[in-house]
Amino acid sequence: MITRPAFLFSAAAAAFAGTECLAESVRGKKDSFNSAIGGFAAGCVIGATTKRFDIMTSTGIGLGIFLFSLDYSGAATENKPLELHHKMYGMLPEKHVESDELRELKEKYPKFEHL
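No experiment lies behind these values; they were computed from the predicted model shown.

Novice: Explanation requested: a nonpolar patch on the surface in the structure shown.
Specialist: There is a patch of nonpolar side chains on the surface, built from Leu-105, Tyr-109, Phe-112 and Leu-115 and spanning about 440 Å² of accessible area. Turning to its location among the elements, Phe-112 is positioned in the segment after helix H5 (100–108). For Phe-112, a relative accessible area of 43% puts it in the partly exposed group.

Novice: What's the story with the packing of aromatic side chains in this structure? I'm lost.
Specialist: To describe a pair of aromatic rings, one takes the distance between the centres and the angle between the planes. The full count for this structure, using the stated rule, is two aromatic pairs. Between the aromatic rings of Phe-33 and Phe-68, the centroid separation amounts to 5.1 Å while the plane-to-plane angle is 35°, which identifies the pairing as tilted. In this pair, Phe-33 sits in helix H2 (residues 32–47) while Phe-68 sits in helix H3 (residues 53–73), placing the two residues 35 residues apart along the sequence. Phe-33 sits in the partly exposed class, given a relative accessible area of 46%. For Phe-68, a relative accessible area of 24% corresponds to the partly exposed category. Seen in terms of ring centroids, Phe-68 and Tyr-72 are 5.7 Å apart; in terms of plane orientation they differ by 15°. Their pairing is stacked. Within this pair, Phe-68 and its partner Tyr-72 are both found in helix H3, separated by four residues, close to a single helical turn. Assessed through its relative accessible area of 64%, Tyr-72 is described here as exposed. Three or more aromatic residues joined by ring pairs make a cluster, and in this case those are Phe-33, Phe-68 and Tyr-72.

The rules behind each value
- Residues numbered from 1 in each chain as written.
- Predicted model: local features only at pLDDT ≥ 70, side-chain atom pairs only at ≥ 80, totals over all residues.
- Heavy atoms only, no water.
- Patch = residues over 30% accessible without salt bridge, like charges linked within 9 Å, V, L, I, M, F, W, Y side chains within 5 Å.
- Areas by Shrake-Rupley, 256 points an atom, 1.4 Å probe, with all protein chains shown as cover.
- Salt bridge = Lys/Arg side-chain N within 4 Å of Asp/Glu carboxyl O.
- Helix = DSSP H or I, 4+ residues; strand = E, 2+ residues; numbered from the N terminus.
- Buried < 20%, exposed > 50% of the residue type's maximum accessible area, 1.4 Å probe, protein only.
- Phe/Tyr/Trp six-rings, centres within 6.5 Å; stacked < 30°, edge-to-face > 60°.

Listed below in structure tokens is the structure:
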């Protein structure tokens, strides 16, 4: 049941990665157009399951445009980068301090105090 969609998206990922690397080596440039070419190939693989050429090409073009815009925007896809940085790195204190509840539990169950 799950093997067919897994194979489909594995094939799409392989088509994207292979085509993007091929485009980069042939063009000699590392830019967003390589992602668009790889996205077109991946979209064609996904659209090929319908066995209709028009669906296959439109899926390829759509995924190519999406991946081009995603690669072109880069790390700027987050609207509030300072908030993201705070969520990623600013939530934990510099030094870990155990809570009173945890300290009491460790006293109550001494065989688990090393956890």
